[in-house]
Structures are given as structure tokens and as C-alpha cells.
Amino acid sequence: MAGALVAFIERKLEFDVISTSGAGALMGLLYQAPKDGDAIQALKAWSTVGVSDPIYELFPVNYKVFMKPGIAADWYRNMLAHNPFTRPIVQSWSGEGISGFVGDWLRLILATLSPSDLSGQSLGMCAHLPFAEQVIDFDAIAKIKPEFYINAYNVTQSEMTIWGKKEITPAHLRCAFSFPLIYPPYHLNGCDYIEGAAIDTLNFKALVSDDDRRPGCERDVDTLVIFDILGADKLIRTPRNLYDAWVQSIITPLVEIAKDDIRLFELLHNVDSDGSQKRRLLKVDLMGNIPTTYWPEIMDWSSSNLSYLYEIGHQAGHQFCDQHPELLPPAARVRQAAPAASITATIQ
């Protein structure tokens, strides 16, 4: 997704409404409200958070993204970030830290030494996105041009919640990112929340809601552009080891949920009384250029894989723009086409 969004920036393709879910919330905010204002750099930096290949082969866990939970672990990370000797090691998100094998080996040592309160009574294994404020300018979200939505499931009240750009804070993003077992439910305003993508992978409800607090959802939309990295049957495969089997236990049900969400939206919310489509549904083919032999590695957090997938996505984004030049501003079109449409993006 990061590579495709960079391609859209390069081709000047913009959206009127952006609806996100799960990991798409992070990608969408890097795209619209990066910490230093440079969306291309922020999205490219995501491709660098993989673990150096020699380390990943021995220890296939991304300790740079999934961090130990607990108050002591939070204190430890804060101490490392402010220590002049360890800051260049832990600042991997900024692109200014020590990179490559040496940097990742030092980060593994520091991650191993981190205290943690993880126990059999814990409700999740990892800390809630402790790096969120390092990469996202939360003060800028309310001022971005498009309408912007994230979702999370309110476990306490058994209902999906959708927040708009004027409501989103770090706490709301952590609610939207709390995938069960990986992260504990996030407590906000007396309620516990889990990741909305675990139930509604594409957050289509933000586009059809009749809630007056979200007028952006009511605008006349011509085209819906879908970023869906889950609705691919090839993601379901024989696992390579026990860790990979655990990853498959998460991915397998999400594949069908993502496919069903698109079908239900088409049937229930995108058909007019005369049977015609209310709006065009266009899907960015994020994985179309991946060779069949490469699919077993696609969920790896290795440096080489993340860099490869970024380039695959970047290529897919440009291919999408070439296929739909009518969505681009006149100066950026490859060829003359119809007038630009009002468009939305839904990012999972």
C-alpha cells in the first residue's frame, strides 16, 4: 500500500474521502498527515522497518514494530530515545538511525533487554504502537483536505465505531490497531476497543453512513478506489513453521471476510433501484505482479521482502493511474480522457 500511495502522490491523484481500517489507518495517516509533512518520505520509510535478512532467518519476528508491553517497557523505550548513545539505534523510523545488519542487531539486543509485564494474565502480547507519535502529526489530521475515517469495534457496547478526522487522536488510532492477541483491547472513555478490520476489513460503512456528524460520507461519489491486501486466495497456503502457522490462523479468515465485504457492499449499498451501479468500484491490483513462486514469503517481515513489496506496490500504483487517466488532473494524464470524477479510497 505504501508504494502505491507514493505512486498516487507522484501522479497527483487525490481523494475526496478516505476510509481506513486496521493497518490501513496507519498507511492512510502516513499518506495524509506525516510527522514532518513529507508523505513520500514517510511512506518510503515504512519499507525500511523490516528486519535484516540474516537476523530474520534465525529470529523471524519484527521486534522493530511489535514491542514488549508494560509500564516498565514504556519507560525503557523512552529512556533509550533520550539517551545520546542509544538514540541513533532506536530511531529507525526517522531514517536517521543506524541502518542495515549492524543497526538491526543492536536493536535486537536492546529489545531483548527490555523489561515486560507480559504474563498468562495479559490480554495481548505487544505494546500499542509506541512509535505512532514519532511518525504521524496528529495535530494536522483535522486540517487535511479529504474527509478521513478510521474504525474500531467497541467490545463493551458490541458495536462498530467510526471516527472522523476531527476526532482522531493517538488513542483512537491505537483502538483501530488493537488486533486480538497481538494487542490487548484499548481502553478509551470507559469502553474497550479492538481492531475494526477484524470484523469490517474495508470500513465501507464510513462511505454510506447517514450520521449527520460525518457529512463527508453523504457527498455524491462517482468512483471508489479499493486498497485490499487481504482478499487474495493465494494468501492461504501451507505454513512453513509454527510461527507461520500462527500468522496463517490470522490471515485465513480475514481473506474471506475481505472478499465478502466487497460483495455485500456491491449488493446492498452500490445498486440503484434500476439495478445499475451507483458508483464505479476500482481495485488497485497491489499483488498482481508478484510471481507465483514468491507467495510463500509474502507475509515475511524481512528487509528484502518489505523493500520488494514496496516496489511491487509502487509499480501497481502507476499501472492503476495509466489504466484510469480520467481520475488524474489534466496536467498529469498520460492521455486525454473524460473529466475527473469525485473519488474515495478505502484502505485496509
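Residues numbered from 1 in each chain as written. Predicted model: local features only at pLDDT ≥ 70, side-chain atom pairs only at ≥ 80, totals over all residues. Heavy atoms only, no water.

As named in an unreviewed UniProt entry, the protein chain is Putative acylesterase/phospholipase RssA, taken from Chitinivorax tropicus.

**Student:** Looking at this structure, how should I read the overall build of the protein chain?
**Tutor:** For the protein chain, the helix and strand inventory stands at 12 helices and eight strands. The buried share among the 348 residues of the protein chain stands at 52%. Considering only intrachain contacts with a sequence separation of at least 6, the fraction spanning at least 24 residues in the protein chain is 70%. For the protein chain, the exposed surface amounts to about 16300 Å²; the carbon and sulfur share of it is 57%. (Helix = DSSP H or I, 4+ residues; strand = E, 2+ residues; numbered from the N terminus. Buried < 20%, exposed > 50% of the residue type's maximum accessible area, 1.4 Å probe, protein only. Contact = heavy atoms within 4.5 Å. Areas by Shrake-Rupley, 256 points an atom, 1.4 Å probe, with all protein chains shown as cover.)

**Student:** Would you mind showing me how to read the side chain of Asn203 here?
**Tutor:** For Asn203, the location among the structural elements is in the loop between strand 5 (191-195) and helix 10 (205-208). Of the polar contacts made by the side chain of Asn203, one reaches the backbone oxygen of Thr20; its length is 2.9 Å. Residues within four places of Asn203 in sequence aside, it is in contact with Ser19, Thr20, Ser21, Tyr149, Ile150, Asn151 and Ile162. (Polar contact = N/O pair within 3.5 Å; in protein donor to acceptor, adjacent residues only side chain to side chain.)

**Student:** What am I meant to see in the nonpolar core here?
**Tutor:** In a soluble, globular protein the nonpolar side chains are often hidden away together inside. With 80 residues, the main nonpolar core has Ile136 and Phe227 as its most contacted residues. For this core, the domains that each give at least three residues are domain 1 (1-57 + 144-335) and domain 2 (58-135). In this view, Ile136 contacts Leu26, Leu29, Leu30, Ala33, Pro34, Lys35, Ile141 and Leu173; residues no more than four positions away in its chain are not counted. Within the second largest apolar cluster, 12 residues are counted, among which are Tyr149, Leu202, Ile226 and Phe265. (Core = buried A, V, L, I, M, F, W, Y, C linked by side-chain atoms within 4.5 Å. Domains from an automatic or database assignment.)

**Student:** Explanation requested: the packing of aromatic side chains in the structure shown.
**Tutor:** By convention here, two paired aromatic rings are described through the distance between centres and the angle between planes. Taken as a whole, this structure holds 14 aromatic pairs when the rule is applied. For the ring pair Phe8 and Phe227, a centre distance of 5.6 Å and an interplane angle of 80° mean the geometry is edge-to-face. One end of the pair, Phe8, is in helix 1 (residues 2-10); the other, Phe227, is in strand 6 (residues 223-227), with 219 residues separating them in the sequence. Arranged with centres 6.3 Å apart and planes meeting at 15°, the rings of Phe101 and Trp105 form a pair that is stacked. One end of the pair is Phe101 and the other is Trp105, both in helix 7 (residues 100-113) and four residues apart, which spans about a single turn. Among the residues examined, Phe101 registers a relative accessible area of 43% and is labelled partly exposed. (Phe/Tyr/Trp six-rings, centres within 6.5 Å; stacked < 30°, edge-to-face > 60°.)

**Student:** Would you mind going over unusual backbone geometry with me for this structure?
**Tutor:** Negative phi values dominate among residues other than glycine, just as trans dominates among peptide bonds. Located in the positive-phi region is Lys12, a residue other than glycine, with phi close to 65°. Locating Lys12 in the fold gives a position in the loop between helix 1 and strand 1 (17-20). The phi dihedral of Asn203 falls on the positive side, at around 50°, and the residue is not glycine. By relative accessible area, which is 0% here, Asn203 ends up buried.

**Student:** How should the environment of Leu264 be read in this particular structure?
**Tutor:** Mapped onto the secondary structure, Leu264 falls in helix 11 (residues 242-268). Using a relative accessible area of 46% as the deciding quantity, one classes Leu264 as partly exposed. Leu264 sits 60 residues away from Phe204 along the chain, and the two C-alpha atoms are 9.8 Å apart.

**Student:** For this particular structure, what's the right way to read helix 3 (residues 39-46)?
**Tutor:** Because an α-helix packs 3.6 residues into every turn, residues spaced three or four apart end up facing the same way. The complete set of buried residues in helix 3 reads Ala39, Ala42, Leu43, Ala45 and Trp46. The buried residues of helix 3 all sit within an arc of 155° when viewed along its axis, so they share a single face. Summarising the contacts, the buried residues of helix 3 are in contact with helix 1, helix 2 (23-32) and helix 12 (303-323). A side-chain oxygen of the first residue of helix 3 lies 3.3 Å from the backbone nitrogen of Ile40; this N-cap is Asp38. (Arc of directions from axis to C-beta.)

**Student:** Whenever I open this one, the packing of helix 1 against helix 12 confuses me. Can you help?
**Tutor:** Working note: a packed helix pair is described by the angle between its axes plus the distance between those axes. Close contact between helix 1 and helix 12 brings their axes to 6 Å; oriented N to C, the two are set at 40°. With respect to helix 12, the axis of helix 1 lies oblique. Crossing hand, helix 1 versus helix 12: right-handed. Taking contact as the criterion, the partners of Ala2, Gly3, Ala4, Val6, Ala7, Phe8 and Glu10 in helix 1 are, on helix 12, Tyr310, Gly313, His314, Gly317, His318, Phe320 and Cys321. (Axes fitted to C-alpha atoms, helices over the stretch in contact; angles between N-to-C directions. Parallel < 35°, antiparallel > 145°, perpendicular 65-115°, else oblique. Left-handed = near helix turned anticlockwise from the far one by under 90°.)

**Student:** I'm lost on a nonpolar patch on the surface in this one. Help?
**Tutor:** A contiguous nonpolar patch, built from Ile98, Phe101, Val102, Trp105, Ile109 and Leu113 and spanning about 570 Å² of accessible area, is present on the exposed surface. Here Val102 lies in helix 7. (Patch = residues over 30% accessible without salt bridge, like charges linked within 9 Å, V, L, I, M, F, W, Y side chains within 5 Å. Salt bridge = Lys/Arg side-chain N within 4 Å of Asp/Glu carboxyl O.)

**Student:** I would appreciate a short explanation of the environment of Thr292 in the present structure.
**Tutor:** Summarising the element assignment, Thr292 is placed in the loop between strand 7 (280-283) and helix 12. Expressed as a C-alpha distance, the spacing of Thr292 and Lys234, which sit 58 residues apart in the sequence, is 8.7 Å.

**Student:** Which parts of the structure should I look at to understand helix 2?
**Tutor:** Judged by how many residues are buried, helix 2 sits mostly within the fold: eight of 10 residues are covered. Among all positions in helix 2, only Gly24, Ala25, Leu26, Met27, Gly28, Leu29, Leu30 and Tyr31 are buried.

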